[in-house]
Each structure stands twice: as C-alpha cells, then as structure tokens.
Amino acid sequence: SSGINAEWPLRPGDSSIDELFAVKQTESETTQDFADRLEKTAQSISACKFMAAEAMDKLMKDAFINGLKSEQMMFCLYQKRDTTYETALLESSKLEKILGKI
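Just so we're clear, the structure is a prediction, and the values are computed from it rather than from any experiment.

Peer 1: Teacher, can you tell me more about the nonpolar core here?
Peer 2: Note that soluble globular proteins tend to have their nonpolar side chains buried in a common cluster. The biggest cluster of nonpolar side chains holds 23 residues, and the ones touching the most others in it are Leu20, Leu38, Met60, Phe64, Leu68 and Leu77. Elements represented by at least two residues in this core include exactly α2 (31-43), α3 (53-67), α4 (71-79) and α5 (85-100). The dominant element in this core, judged by the number of residues it contributes, is α3, at 6 residues. For leucine 38, the residues in contact, after removing those within four places along its chain, are Leu20, Val23, Met60, Ala63 and Phe64.

Here you go:
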C-alpha cells in the first residue's frame, strides 16, 4: 500500500500539525483573512503534503473552527452535519455578516 506509516518521522525543524491549531483569528481579521493565513501555515507543514485529501479537509475544517474568535460562530459550525472546510468557510462568512449586525 502507498499509505504513509502512522509513525512516519518528522525531521527536526519540521513544522508540526499542532501549529495549525495554534493559529487563531485576530480581532481585526475577517474569516476569509484568517482562512488564508491558516492555509499558508498548512502549506509550510511538511506532514500536510502527504495527507489524503479527505483527511486534510477534516484537519483544515477542525483547525479553522477551533481558531475562530467568535464562540457563537464556533458553536453554529460544530452543530452542522457533514461540514467540509469549504462549507465551514462559506457558512462562517454568512455568520460573520449576521453576527456583525447584532
């Protein structure tokens, strides 16, 4: 099989997937700006380059929702079923407009 061994070693100095979960949306960032920064971080993590698309999508979705500044938005997105990274991003843009008016 061509799958990566679960114990595939990261070389010293390689970024860890944990870095994705350390990225948090700042007060002045839109959800799109935050997503762009999160994607740039993912591109710099070598382990992400070897992940299957479905696993990478779930990782990005979880890191995105986890890093949002609005707990209301996090809650709304976690309630949705079958959410992908793309749908979480689209939904967060809608929620941002709604919550911004409240």
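Peer 1: Looking at this structure, I do not really get the pattern of salt bridges. What am I missing?
Peer 2: When their charged atoms lie close together, side chains carrying opposite charge are able to pair. A complete count under the given rule lists 4 salt bridges for this structure. Across the salt bridge formed by lysine 58 and aspartate 62, the nearest N and O atoms sit 2.8 Å from each other. Linking lysine 58 with aspartate 62, this pair stays in helix α3, spanning 4 residues, or about one helical turn. According to the relative accessible area criterion, aspartate 62 is buried, its value standing at 18%. Salt bridges sharing partners connect three or more residues here, namely Lys58, Lys61 and Asp62.

Peer 1: Looking at this structure, how should I read unusual backbone geometry?
Peer 2: Excluding glycine, a negative phi dihedral is what most residues carry, and trans is how most peptide bonds are arranged. Positive phi is not limited to glycine here, since aspartate 82 has a value of about 55°. Counting through the fold element by element, aspartate 82 comes out in the loop between α4 and α5. By relative accessible area, aspartate 82 is classed as exposed at 77%.

Quick notes on the rules
Residues numbered from 1 in each chain as written. Predicted model: local features only at pLDDT ≥ 70, side-chain atom pairs only at ≥ 80, totals over all residues. Heavy atoms only, no water. Core = buried A, V, L, I, M, F, W, Y, C linked by side-chain atoms within 4.5 Å. Buried < 20%, exposed > 50% of the residue type's maximum accessible area, 1.4 Å probe, protein only. Helix = DSSP H or I, 4+ residues; strand = E, 2+ residues; numbered from the N terminus. Contact = heavy atoms within 4.5 Å. Salt bridge = Lys/Arg side-chain N within 4 Å of Asp/Glu carboxyl O.

In short, shape yes, function no, at least from these values alone.
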